[in-house]
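# Remarks on the overall topology
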Number of protein chains: 2
Amino acid sequence: MKWWGWGNEEVEFNAQAHPGFWPYARAELGIERDDFTSREWKLEVVELPEPLLDERFLLKLRSFLEPSQISNQSKERVIHAYGKGFRDLFRLRRGLAGGAPDLVVYPESERDVCLTLRAAAECDVMLIPFGGGSNISGCLERTEAGRMSVSLDMRRMRRVLAVDVPSCTARIESGIFGPDLEQQLGAYGVTLGHFPDSFLHSTLGGWIATRSAGMQSDRYGKIEDMVVAVRMVTSEGVLATRTVPKSSNGIDVNHLCIGSEGTLGVITEATMRVHPRPESRLVRGYLFPEFEGGIQAMQECVRQECKPAMVRLNDPDKTALSLAFRPPASRLSNAMGSLFKGYLRIRGLALPRACLMLTAFEGSQAEVAHQLRQTQAIYRRFGAISLGESSGKAFESTKYDFPHIRDYLLDRDVTTDVSETSTVWSKILPLYRDTTALLRATILESGVPPWTGCHISHTYQCGASVYFTFGFRQQPGREMEQYLRVKRAVQQSFIDHGATLSHHHAVGSEHLPWLAADISQLGVQAVAAIKRGLDPGNIMNPGRLQPHPNPFDRWM
Amino acid sequence: MKWWGWGNEEVEFNAQAHPGFWPYARAELGIERDDFTSREWKLEVVELPEPLLDERFLLKLRSFLEPSQISNQSKERVIHAYGKGFRDLFRLRRGLAGGAPDLVVYPESERDVCLTLRAAAECDVMLIPFGGGSNISGCLERTEAGRMSVSLDMRRMRRVLAVDVPSCTARIESGIFGPDLEQQLGAYGVTLGHFPDSFLHSTLGGWIATRSAGMQSDRYGKIEDMVVAVRMVTSEGVLATRTVPKSSNGIDVNHLCIGSEGTLGVITEATMRVHPRPESRLVRGYLFPEFEGGIQAMQECVRQECKPAMVRLNDPDKTALSLAFRPPASRLSNAMGSLFKGYLRIRGLALPRACLMLTAFEGSQAEVAHQLRQTQAIYRRFGAISLGESSGKAFESTKYDFPHIRDYLLDRDVTTDVSETSTVWSKILPLYRDTTALLRATILESGVPPWTGCHISHTYQCGASVYFTFGFRQQPGREMEQYLRVKRAVQQSFIDHGATLSHHHAVGSEHLPWLAADISQLGVQAVAAIKRGLDPGNIMNPGRLQPHPNPFDRWM
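A few words on the sheet that holds strand β6 (residues 169-173) of chain A. Residues and elements named next belong to chain A. With respect to topology, five strands assemble into an open sheet ordered β5-β6-β10-β8-β9, the strand pairing being antiparallel. The open sheet terminates on both sides in strands that have one partner only, identified here as β5 (160-164) and β9 (237-240). Strand after strand, the sheet turns through a mean of 10° between neighbouring axes, direction not considered. On the sheet, helix α6 (residues 178-186) packs against β5 and β6 and is oriented at approximately 45° with respect to β5.

So, on to the pattern of salt bridges. In the structure shown here, the tally under the stated rule is 83 salt bridges over all chains. Between E510 of chain A and R87 of chain A there is a salt bridge; the shortest N-O distance is 3.3 Å. In this pair, E510 of chain A is assigned in the loop between α18 (479-496) and α19 (515-534) and R87 of chain A in helix α4 (residues 86-93), connecting sequence segments 423 residues apart. Each member of the pair, E510 of chain A together with R87 of chain A, is buried. Here E269 of chain B ties to R171 of chain B by a salt bridge, and the two come within 2.7 Å at their closest N and O atoms. Of this pair, E269 of chain B sits in strand β10 (residues 266-273) while R171 of chain B is found in strand β6 (residues 169-173), placing the two residues 98 residues apart along the sequence.

Residues and elements named next belong to chain A. In spatial order, the strands read β1-β2-β4-β3; together these four strands make up an open sheet with mixed pairing. Looking at strand neighbours, the two that pair on one side only are β1 (70-71) and β3 (126-130), the edges of this open sheet. Taken together, the five bridges between β3 and strand β4 (residues 149-153) define a ladder with parallel strand orientation. Bridge assignment links F130 to a residue of β4, and that residue is D153. The strands touched by helix α2 (residues 55-64) are β1, β2 (103-105) and β4; relative to β2, the strand with the most contacts, the crossing angle is about 20°. Against the sheet, helix α5 (residues 110-123) touches β2, β3 and β4, its axis set at about 150° to β3.

Below, the discussion takes up the environment of K393 of chain B. All names here are of chain B. Following the sequence through the fold, K393 ends up in helix α15 (residues 389-398). Relative accessible area serves as the criterion here: at 55%, K393 is assigned to the exposed category. The spacing of K393 and L282 is 111 residues in sequence and 8.6 Å in space, taken between C-alpha atoms.

Let us now look at the packing of aromatic side chains. Under the criterion given, the structure shown has 48 aromatic pairs over all chains. Residues F21 of chain B and F325 of chain B carry aromatic rings whose centres are separated by 6.2 Å and whose planes lie at 90° to one another, so their mutual orientation is edge-to-face. Of this pair, F21 of chain B sits in helix α1 (residues 21-29) while F325 of chain B sits in helix α12 (residues 316-325); the two residues are 304 residues apart in sequence, bridging distant segments of the chain. By the burial criterion, F21 of chain B is buried, and F325 of chain B matches it. Ring plane angle 0° and centroid distance 6.4 Å describe the contact between F470 of chain B and F472 of chain B, whose orientation is recorded as stacked. Taken together through their ring pairs, the aromatic side chains of F13, F21, W22, F36, F325, F402 and Y408 of chain A make up a single cluster.

The next subject is α6 of chain A. Inspection of α6 of chain A places G178, D180, L181, E182 and L185 of chain A among the buried residues, and these make up the whole buried set. In the core, the buried residues of α6 of chain A are packed alongside β5, β6, β7 (190-191) and α7 (204-210) of chain A.

Membership of the largest hydrophobic core comes to 213 residues, with the highest contact counts inside it found for M272, F288 and I456 of chain A together with M272, F288 and I456 of chain B. If one sorts the elements of this core by residue count, α19 of chain A sits on top with eight residues. In this structure, M272 of chain A is in contact with C168, T169, A170, I172, L192, L204, I208, I223, M226, V227 and V228 of chain A, ignoring residues within four places of it in sequence.

All right, on to the relation of the copies chain B and chain A then. For these two chains of identical sequence, chain B goes onto chain A by a turn of 180° and a shift of 0.0 Å along the axis, with RMSD 0.0 Å. In short, the pair behaves as if placed about a two-fold rotation axis. Most of the interface of chain B is mirrored in chain A, where 100% of its interface residues again form contacts.

Counting residues at the interface gives 82 residues for chain B and 82 residues for chain A. Summing the contributions of chain B and of chain A, the shared interface buries around 6300 Å²; its carbon and sulfur component is 55%. Area buried by chain B at its contact with chain A is led by R242, K246 and I251 of chain B, which between them contribute 13% of it. Put simply, R211 of chain B and D252 of chain A hold a salt bridge, and the shortest N to O gap is 3.6 Å. The element that contributes the greatest number of residues to the side of chain B that touches chain A is helix α20 (residues 521-534) of chain B, accounting for 10 residues. For the side of chain B that touches chain A, the per-class residue count stands at 35 nonpolar, 31 polar and 16 charged.

With that settled, consider the environment of D413 of chain A. All names here are of chain A. Along the chain, D413 falls in the loop between α16 (402-410) and β16 (414-424). Among the residues examined, D413 registers a relative accessible area of 37% and is labelled partly exposed. D413 sits 63 residues away from P476 along the chain, and the two C-alpha atoms are 8.6 Å apart. If we skip the residues at most four places from it in the chain, D413 touches R33, F36, F472, R473 and Q474.

What follows deals with helix α17 (residues 425-445) of chain A. Residues and elements named next belong to chain A. Over its 21 residues, α17 extends 31 Å from the first C-alpha to the last, a length consistent with the 30 Å expected when each residue adds 1.5 Å. Inspection of α17 places W425, I428, L431, Y432, T435, T436, L439, T442 and I443 among the buried residues, and these make up the whole buried set. Its buried side turned inward, α17 meets α11 (291-303), α12 (316-325), β16, β17 (451-457), β18 (463-473) and α18.

Despite not being glycine, C168 of chain A shows a phi value in the positive range, around 55°. Checked against the element boundaries, C168 of chain A lands in the loop between β5 and β6. Phi is positive for R211 of chain B, close to 55°, though the residue is something other than glycine. For R211 of chain B, the location among the structural elements is in the loop between α7 (204-210) and α8 (217-220).

Each pair of packed helices can be described by the angle between their axes along with the distance between the axes. Residue and element names in this part refer to chain B. Packing of helix α11 (residues 291-303) against helix α14 (residues 365-381) leaves a shortest axis separation of 9 Å and a crossing angle of 140°. The angle between α11 and α14 places the two elements in the oblique class. Crossing hand, α11 versus α14: right-handed. On α14, the residues that touch A297, E300 and C301 of α11 are T375, I378, Y379 and R381.

Cut-offs and rules
Residues numbered from 1 in each chain as written. Chains lettered and ligands numbered in written order. Predicted model: local features only at pLDDT ≥ 70, side-chain atom pairs only at ≥ 80, totals over all residues. Heavy atoms only, no water. Pairing = 2+ DSSP bridges. Helix = DSSP H or I, 4+ residues; strand = E, 2+ residues; numbered from the N terminus. Axes fitted to C-alpha atoms, helices over the stretch in contact; angles between N-to-C directions. Contact = heavy atoms within 4.5 Å. Salt bridge = Lys/Arg side-chain N within 4 Å of Asp/Glu carboxyl O. Buried < 20%, exposed > 50% of the residue type's maximum accessible area, 1.4 Å probe, protein only. Phe/Tyr/Trp six-rings, centres within 6.5 Å; stacked < 30°, edge-to-face > 60°. Core = buried A, V, L, I, M, F, W, Y, C linked by side-chain atoms within 4.5 Å. Least-squares fit on C-alpha atoms with pLDDT ≥ 70 in both. Buried area = accessible area lost by both parts, 1.4 Å probe. Nonpolar A, V, L, I, M, F, W, Y, C, P; charged D, E, K, R; others polar. Expected span 1.5 Å × (residues − 1). Parallel < 35°, antiparallel > 145°, perpendicular 65-115°, else oblique. Left-handed = near helix turned anticlockwise from the far one by under 90°.

Encoded structure:
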């Protein structure tokens, strides 16, 4: 894994394969230079804090772990210092790793986890559970100094333990990564159906602890809809629930583990709903004459109970980015070049307002055909034209590549990030318009041209997720301040519009100042009460989900 | 409301309309007598404990409530003493009302609730929220003596506050009863889609506090799937969440309120998902040659994503009861009399093994037609024959009447009750067979013939609810002991088979001994931690969701 960017060391953004991207970005962001050279990232430049090692704790660890399960190597400490948000990568690339743990431990069984927690409780050591390390909300760095901090890397607990095929449930260890999980489930002919953008670099435990959503959540639900039972190890014992479809057994304690962001204990395994692998899968692209019509079409699909596995509607700017990102001479490009321009002429519409809608269909062949017909009929009513199969194929082939762009742009002194939320249908457009305007104004205030884009996805009966992407040239020497100002503006706009702090990226450090506004002060107190009950020694990821009384005092 | 039975005073089981029922019950239960006369229930025979009234608390109450909002009348105290379980009605009918509150308060606004909680906290008074009073798991009686106990009857908070029709959400006060709720929502053309057996006599707040399920949960979900946001008043303040479809804001605090059984605070309102009123609704009856095939057909429907709004498969005994319960000369009876017997002859099957499946379809006319075709194709593969429309109509016209039978049988010295659970598809049949055998054996041990029946309903991708009904002649003088022995056997069987203590009837007193086995000891600790955090004075429904260290010590 790269310590300075997204994904594996050998993989990076391939600018040649996307020749339109950089010219587009340069023009949009007002970048005049073009003499950027690729940097070689040397670990030696990273300043690691002197490790604080409690010898009594180490002695205990060595009594039940193999030497290969304990690491204090610099590279491991750096990799486990942060997630992959802008703040994380910006700091690491400048050699700052103050959030690094003093030690990394790799449990291989629930027993390892139990004993590690017990030892940590006895020695007042902090534990931070670590899955794929791909979180972008600041869930992973230590928040306290003066205590030994240990990153608990779960990747070795990666087995599918049992699959009940007739009941469509699977018991799975939490440290398993997306591709491995799907491969092991594939042997039983089933899928979890959870494909977040981070799929290649994130784990089941991470998904559950952060209330993740996959691209196909419209069909398969969000991760919280998939959990049937969990096992979570805490310093007070193991919380374990039963494999039953639904219950009326008081407060649903599954939901104490889901979204707990490592603050209560370590989720060691979960029993998940799985699904027969779909016989057929199809992704199609459509162009809508404008954003509003696209949103109405999405809502009409929900109303008619017509549920494609994925719908993702880009606003005009995100559409332009998608077009710039297209492989050379793709069908989408051709469509844009001729068909769509012709269409526009006929309709008298303006290209800059066109919106790309990507839609995936899954199920039996008959079902997919039925969904396709029904969806297209609705889309047509709102003026959409189909771009055929190739635009869908282009999306499928590059869908996990997008996060690499940030590294490429960071190399070019450009800050990019995302902020996403969800709201009810009646509030989506005002939220979109006001937040876009505020984002652009806030970026402009820092003296650089803004780029913002938005997509609507993850539809529900009562609303959808609204996902903003933004980018701008960095103000030299004030990069972090500039970023935080923009981030704060967009998050505040979500809350001011009645929306939530995040639809699927978790609270972490970045969204913590808005937690009390989102779940109410008493909600925060309730979470703190659970924390006191299950982690009385405050050894699990301290500081998470507990806003500071002056919320922005420790925000950065 | 009756204090001695189910529902309103003027409504009772109409034996004339169901002439086959009593002969069937007599024969099955081995009842020789037939000289039962209807009793007149005189409130005066009920022994109410001397009310413990804290004058300081009363003074506070009177400072913000109208006199009409406070009652210490005997009738009100008796009605608020218990729910409607066997234990509840058996005790009341014998004049025992030890669980009665000292006072009943009727809040009319969230402010009334807040001030009542504050006063209670200041005076160490217990509060027990009360909706329709129809709970059958023992959620409503006081569990402590020596402190003043107040029943907080929510029925006056019964407004639909706002409906966002395009987003399909409705903000609703918690004290509203089912029919009132549907009527008010009807003005907006929407429905909540929540129709539990108790629909006529239960409230939104009660449904949420107990994780209720309606008959059409297959289509609309269980109540926990319908809650978008809640407001819950606690002695520490108001917990309030946002009207957003989904979030990643840490632990989902909605789920601390859902299922809290009145132990944390008072749910004053909730924002619920609602649905356009279905254009069309159809209920049909089918007969399956045997239970196993019916279950397989249900599972196949789920697998094919063919989801009728309701499916309810009776086992052979429950089928026989349904036939006995039929109105005279109904189509079902005719079908049984001729068509089905003919069918049996052809197939060589035995009538005693036949199973009635009731299935409801809802949606647009096209959708209903499609569902009906798809479902019937599946049912036919498992040997089912359709009983046509009249069996469905018979079900529709009597669906809320069933609970009245218990009163009728109690009048005849017969104990009846229900226990229900849920489990995964692969475990349904073993659970059904073993629990039925155990139930019958346990009843037989008390020297009387057993009647047991079961139905499978509320299907999910991974399983379904399994619902047992049982009845037997009372052992004079040992009625409660006899009941508890049977109840304990069936609940223990659920837990031994990996199932849950209840699918939709709540924990209450009756299921409390199995809570730790169900959600683990640490789950119980977690719930206790939330309780300490939100209700430090332990004023809200004390004793609920907190099992005794020796779980059966206080069980009765």
